[in-house]
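Examination of the molecular architecture
The residues making up each chain are set out below.
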Amino acid sequence: MGKPKIIRINLLFGLLILTLISCAKSKKSNTEFIFENGESSVTMKILNGNNYLTYDTPVRTDFEWKNIDPKSGSIYGAGIKILETKNGITKTEINVPSNHLESNILNIKLRFDINGETTRTEFNVLVKNGK
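No experiment lies behind these values; they were computed from the predicted model shown.

This brings us to the pattern of salt bridges. Tallied over the entire structure, the rule returns 5 salt bridges. Residue Glu32 is joined to Lys45 by a salt bridge in which the shortest nitrogen-to-oxygen separation is 3.7 Å. You can see Glu32 sitting in strand S1 (residues 32-37) and its partner Lys45 sitting in strand S2 (residues 40-46), a full 13 residues away along the chain. By relative accessible area, Lys45 is classed as partly exposed at 25%. Linking Lys91 and Glu84 is a salt bridge whose minimum nitrogen-to-oxygen distance equals 3.9 Å.

We now examine the sheet that holds strand S4 (residues 59-66). Taken in spatial order, the 5 strands line up as S1-S2-S4-S7-S6 in an open sheet, and their pairing is antiparallel. Unpaired on one side and paired on the other, S1 and strand S6 (80-86) mark the two borders of the sheet. Neighbour to neighbour, the strand axes of the sheet diverge by 15 degrees on average, direction disregarded.

The subject of this paragraph is the sheet that holds strand S9 (residues 117-128). Remark on secondary structure: sheet strands pair via backbone hydrogen bonds, oriented parallel or antiparallel. The 4 strands are arranged S3-S9-S8-S5 in an open sheet whose pairing can be described as mixed. The open sheet terminates on both sides in strands that have one partner only, identified here as strand S3 (53-54) and strand S5 (74-76).

Reading the values: rules and limits
- Residues numbered from 1 in each chain as written.
- Predicted model: local features only at pLDDT ≥ 70, side-chain atom pairs only at ≥ 80, totals over all residues.
- Heavy atoms only, no water.
- Salt bridge = Lys/Arg side-chain N within 4 Å of Asp/Glu carboxyl O.
- Helix = DSSP H or I, 4+ residues; strand = E, 2+ residues; numbered from the N terminus.
- Buried < 20%, exposed > 50% of the residue type's maximum accessible area, 1.4 Å probe, protein only.
- Pairing = 2+ DSSP bridges.
- Axes fitted to C-alpha atoms, helices over the stretch in contact; angles between N-to-C directions.

And the structure:
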């Protein structure tokens, strides 16, 4: 076996490994958006398994509050309906109307208190057209 053939085999093997890693990562669905400040955090979980929302489709999302009183919190954004807050989780439904956003990104704004100080953060969530 000559050096060029060994180099080609190593190159193909490397590409195969990169492809497999890429496929493995693409199967993992990042359905969480997280804000952390010390031991306090807010996590938004999209419950349908996607990491995006779909226009004109109600999607359940949960906001999980850790070391933050959810009663001090506010959640703002197009199409957000708060269903209930219980046991540190704010359950919502998000239904963004078609052609409502300019950039297909929904800005979900949160405001809450951490140790008596008002804190603000924003989750930017992709919104796609349906089928």
